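Given next are the chains, with one letter for each unit.
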Amino acid sequence: TRARGRRPARADPAPIKRAFRLADAHSPGCCIGCAGDGSTAELSPEESRLAAGATVLRRHEFASGRKAARSALLEAGAGQSIIIGCDAAGVPIFPSHYVGSIAHSHGRAVAVSGRGREFEGVGVDLEYDGIDDGLAETVLTTTERQALLPALKLCVPALRSPPTLIFSAKEA
């Protein structure tokens, strides 16, 4: 996840959790976890090995992401002893019979999870609604710029950066 725009003064996951409750109401069984309140996230020995050699910031983000994912998985019914591995590319591997996604940025982390029998997959991204004039040309196709940007500006006038929303959907 890449942050764009202004960085928040502190990492408060409450607004993220409130925003995702709306999505949760529309997708029963899709569970949300947040982290980033400054508390220390514990890693299993296997997860610690995966983060070995990472910078302090990256290790903190990794641990916060795993904490958020464990919270979402617990809510989805996965049980207490949850280890979230990762593949060679660093993509999280969720426990058998569950799907999930983790995003983190600037000390905050959010994860979504659900049972595999209810969802083929889920995705989440964490971006700031910043204004970046060059973003649209970088991450959107010509068709997306022509069709989606005018519609988003009309439907969501408070959105400061429609390209960021489209980019976030692609990242998720």
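Source: prediction; values computed, not measured. (Residues numbered from 1 in each chain as written. Predicted model: local features only at pLDDT ≥ 70, side-chain atom pairs only at ≥ 80, totals over all residues. Heavy atoms only, no water.)

In the Ramachandran plot, His-97 falls in the positive-phi region, its phi being about 75 degrees despite a non-glycine side chain. Counting through the fold element by element, His-97 comes out in the loop between strand E3 (92-93) and strand E4 (98-105). Given a relative accessible area of 65%, His-97 falls into the exposed group. (Helix = DSSP H or I, 4+ residues; strand = E, 2+ residues; numbered from the N terminus. Buried < 20%, exposed > 50% of the residue type's maximum accessible area, 1.4 Å probe, protein only.)

A few words on the environment of Ala-169. Among the secondary structure elements, Ala-169 is positioned in helix H6 (residues 162-171). With relative accessibility at 57%, the residue Ala-169 sits in the exposed group. Linking Ala-169 and Leu-126, residues 43 residues apart in sequence, is a C-alpha distance of 9.8 Å.

Once that is clear, we can look at the pattern of salt bridges. Tallied over the full model, the rule gives 2 salt bridges. The residue Arg-70 makes a salt bridge to Glu-47 at a minimum N-O spacing of 3.0 Å. Pair noted here: Arg-70 is in helix H3 (residues 56-76) and Glu-47 is in helix H2 (residues 45-51), with a separation of 23 residues, a long-range link. Residue Glu-47 is classed as buried on the basis of its relative accessible area of 0%. Glu-144 serves as the salt-bridge partner of Lys-170, at 2.8 Å between the closest nitrogen and oxygen. Here Lys-170 is found in helix H6, whereas its partner Glu-144 is found in helix H5 (residues 142-155), with 26 residues between them in sequence. With relative accessibility at 42%, the residue Lys-170 sits in the partly exposed group. (Salt bridge = Lys/Arg side-chain N within 4 Å of Asp/Glu carboxyl O.)

Attention shifts here to the packing of H5 against H6. Contact pair H5 / H6: the axes reach a minimum separation of 9 Å and the direction vectors enclose 115 degrees. Comparing their axes, H6 and H5 come out roughly perpendicular. By crossing handedness, the relation of H5 to H6 is classed as right-handed. Along the contact surface, H5 presents Glu-144, Leu-148, Leu-149, Leu-152 and Lys-153, while H6 presents Pro-162, Pro-163, Leu-165, Ile-166 and Lys-170. Tallied by class, the residues present in the contact of H5 with H6 amount to 7 nonpolar, no polar and 3 charged. (Axes fitted to C-alpha atoms, helices over the stretch in contact; angles between N-to-C directions. Parallel < 35°, antiparallel > 145°, perpendicular 65-115°, else oblique. Left-handed = near helix turned anticlockwise from the far one by under 90°. Contact = heavy atoms within 4.5 Å. Nonpolar A, V, L, I, M, F, W, Y, C, P; charged D, E, K, R; others polar.)

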